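Survey of secondary and tertiary structure
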Amino acid sequence: MTAVPGYRQQPPVEWDPTTPVDPAEAEEFLRRCHAENPHFGPVEPRLADVRARIAATGTYDHTPAELTYGAKLAWRNSSRCIGRLYWQSLTVLDRRHVRGSAQIFSLLVQHLTTAAGEARPGRAAVPIRPVISVFAPAVPGRPYARIWNEQLIRYAGYRTGDGRVVGDPRYVEFTESMRDLGWRGKGEAFDVLPLAIETPEEGVRLYDLPEHAVLEVPLAHPEHDGFAELGLRWHAVPAIANMRLSIGGIDYPLAPFNGWYMGTEIGARNLADADRYNLLPVVARLFGLDTSHEESLWRDRALVEVNRAVLWSFDRAGVRISDHHTESRRFLKHVEREERYGRRVPADWTWIVPPVSGGLTPVFHRYYDEMDLRPNFLLDAEALELGRTGRPAPTRE
Ligand code: ARG
């Protein structure tokens, strides 16, 4: 990772998977669940039951309704997410009973087809659905299943002989590790990485996603025909796979979730960042921009063209995406709506403000409450490292 001076990187979480469930956290969650959902009935009997379970076993089980609402609350509390207006629409797939990497893999494939439908050429438009698959909770003191990948769908990166990178530079190390484990990629710019699924019984196993589970959009530009010839594409579903879902003191280390893309994530970061696909110089050349000095604002102009291409191409393919102006307005609507319910919305300005045209969007012109609420999705230091390197820390065999 490149260190940017002065950049406030939120510290990753240190998690101790051996500690029993905190009864206070369980209680707080259950009270909120029942308060926000009158049809759950009175909370007291449930609290008595859960307290007894924790005292006896160190943990407790969520009912399906608690799990579903807890996952939605984790989304609602995600202070970096601009897309929270729709938090109640999350589809929660309860996979807690599933064991074994082959089973896990087939349900991850199902997750992706639930989110985006089957990817087939010429398919009519299907909207992307926000989905989470919740696998078994961590039992205090026992090993648990996890996915090494940062996201279910990501592209490999290969260092070439002359020191350049083909593919996504962010995953060069991860790709090398997959190769050491026996995986072979085509060596092209958009090779989908295998899923590295680790279970206590089977260790790590690699699985290639079938084509029908990976909806992708080829990128073209509404006016410049040459753009399509760059051969760019991006996947339709961003599905974070390495964050721990924490609900009422219970940890779900394997709980991948997805929404739909905001265009700038692809056009202003994945394809534009100098340490990612770094396409601005290429696009500036294509558009004949003057790159000899900064004041021509060639970077900014190229950036806008890449972002237009992303939005235009997804729309053309009928794949759900939104632009940063629309998504900013929706976020403020979410803040307003939450305030009507007497709730404050935790938000991290540095993540909420889009990476292009910040000041043109209404989310720029105000401050937010920075609170770390539970339930939530947490990124553990070890998961962060594993997602980047594909190599487990030596402490865990
Ligand atoms: N920014 C990440 C990416 O480019 C995805 C993060 C989640 N995004 C979302 N729209 N739910 O892949």
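Relevant structure appears above.
The paragraphs below set out a description of the structure included in this document. (Residues numbered from 1 in each chain as written. Predicted model: local features only at pLDDT ≥ 70, side-chain atom pairs only at ≥ 80, totals over all residues. Heavy atoms only, no water.)

Further remarks concern the overall build of the chain. When its secondary structure is counted, the chain shows eleven helices and 16 strands. Taken over C-alpha atoms, the radius of gyration comes to 22 Å for the chain, in line with the 21 Å a tight globule of 397 residues would show. Projected onto its principal axes, the C-alpha coordinates of the chain cover approximately 70 × 50 × 45 Å. Buried residues in the chain amount to 51% of all 397 residues. Accessible surface for the chain amounts to roughly 19000 Å². Of this, 52% is attributable to carbon and sulfur atoms. For the chain, the distance from the average site of its 48 positive side-chain charges to the average site of its 53 negative ones is 4 Å. (Helix = DSSP H or I, 4+ residues; strand = E, 2+ residues; numbered from the N terminus. Rg over C-alpha atoms; globule rule 2.2 N^0.38 Å. Buried < 20%, exposed > 50% of the residue type's maximum accessible area, 1.4 Å probe, protein only. Areas by Shrake-Rupley, 256 points an atom, 1.4 Å probe, with all protein chains shown as cover. Lys, Arg positive; Asp, Glu negative; His and termini not counted. Charge placed at Lys NZ, Arg CZ, Asp CG, Glu CD.)

Taken together, Gln-151, Arg-154, Pro-238, Gly-259, Trp-260, Tyr-261, Glu-265 and Asn-270 are the residues near the ligand. Trp-260 is positioned such that a nitrogen or oxygen atom in its backbone is 2.6 Å from a nitrogen atom of the ligand. At 2.8 Å from an oxygen atom of the ligand is found a side-chain nitrogen or oxygen belonging to Asn-270. When the free accessible area of the ligand is taken as 350 Å², the share hidden by the protein chains comes to 72%. Grouping the constituent residues of the shell around the ligand by class yields three nonpolar, three polar and two charged. (Near = heavy atom within 4 Å. Polar contact = N/O pair within 3.5 Å; in protein donor to acceptor, adjacent residues only side chain to side chain. Nonpolar A, V, L, I, M, F, W, Y, C, P; charged D, E, K, R; others polar.)

So, about the sheet that holds strand S12 (residues 250-252). An order of S12-S11-S16 is seen for the three strands of this open sheet, with the pairing classed as antiparallel. Single-partner strands in this sheet number two, and they are S12 and strand S16 (376-378). Ignoring strand direction, the axes of neighbouring strands in this sheet form an average angle of 30°. When strand S11 (residues 244-247) meets S12, the two strands line up antiparallel, connected through three bridges. Each bridged residue has a counterpart across the sheet, and for Ser-246 the counterpart in S12 is Asp-251. This element, helix H3 (residues 64-76), spans S11, S12 and S16 of the sheet and lies at about 115° to S11. (Pairing = 2+ DSSP bridges. Axes fitted to C-alpha atoms, helices over the stretch in contact; angles between N-to-C directions. Contact = heavy atoms within 4.5 Å.)

Moving on to the sheet that holds strand S6 (residues 195-199). With antiparallel pairing, the three strands of this open sheet are ordered in space as S3-S6-S7. Because the sheet does not close on itself, it has two edges, and the strands there are strand S3 (146-147) and strand S7 (203-207). The strands touched by helix H4 (residues 101-116) are S3, S6 and S7; relative to S6, the strand with the most contacts, the crossing angle is about 140°.

As a further point, take the packing of aromatic side chains. Each aromatic ring pair is characterised by the separation of its centres together with the angle its planes make. Using the criterion set out here, one finds twelve aromatic pairs in the structure. Ring geometry for Tyr-86 and Trp-260: centres 5.6 Å apart, planes at 50°, overall tilted. You can see Tyr-86 sitting in the loop between H3 and strand S1 (91-95) and its partner Trp-260 sitting in the loop between strand S13 (257-258) and strand S14 (261-262), a full 174 residues away along the chain. With a relative accessible area of 27%, Tyr-86 lands in the partly exposed category. The rings of Tyr-155, Phe-190, Trp-234 and Tyr-277 are connected pair by pair, giving a single aromatic cluster. The cationic tip of Arg-76 hangs over the ring face of Trp-87; the distance from NZ or CZ to the ring centre is 4.8 Å. Note that Arg-320 overlies the ring of Trp-260, its terminal NZ or CZ placed 3.6 Å from the centroid. (Phe/Tyr/Trp six-rings, centres within 6.5 Å; stacked < 30°, edge-to-face > 60°. Lys NZ or Arg CZ within 6 Å of the ring centre and 35° of its normal.)

A complete count under the given rule lists 29 salt bridges for this structure. With a shortest N-O distance of 3.5 Å, Arg-146 and Glu-382 are connected by a salt bridge. Here Arg-146 is found in strand S3, whereas its partner Glu-382 is found in helix H11 (residues 381-389), with 236 residues between them in sequence. In this structure Glu-382 comes out as partly exposed when scored by relative accessible area, which is 27%. When salt bridges with common partners are traced through the structure, they connect Arg-32, Glu-36, Arg-76, Glu-338 and Arg-343 into a single cluster. (Salt bridge = Lys/Arg side-chain N within 4 Å of Asp/Glu carboxyl O.)

All right, on to the environment of Thr-160 then. As for its placement among the helices and strands, Thr-160 is situated in the loop between strand S4 (157-159) and strand S5 (165-167). The class of Thr-160 is partly exposed, set by a relative accessible area of 24%. Between the alpha carbons of Thr-160 and Gly-187 there is a distance of 9.5 Å; along the sequence they are 27 residues apart. Reaching out from Thr-160, the side chain makes a polar contact with the side chain of Asp-162 at a distance of 2.5 Å.

Within the secondary structure, Ile-247 is located in strand S11. Separated by 46 residues in the primary sequence, Ile-247 and Glu-201 place their C-alpha atoms 25 Å from one another. With sequence-adjacent residues up to four places away left out, Ile-247 is seen in contact with Phe-29, Tyr-60, His-62, Leu-67, Gly-70, Ala-71, Tyr-252 and Pro-375.

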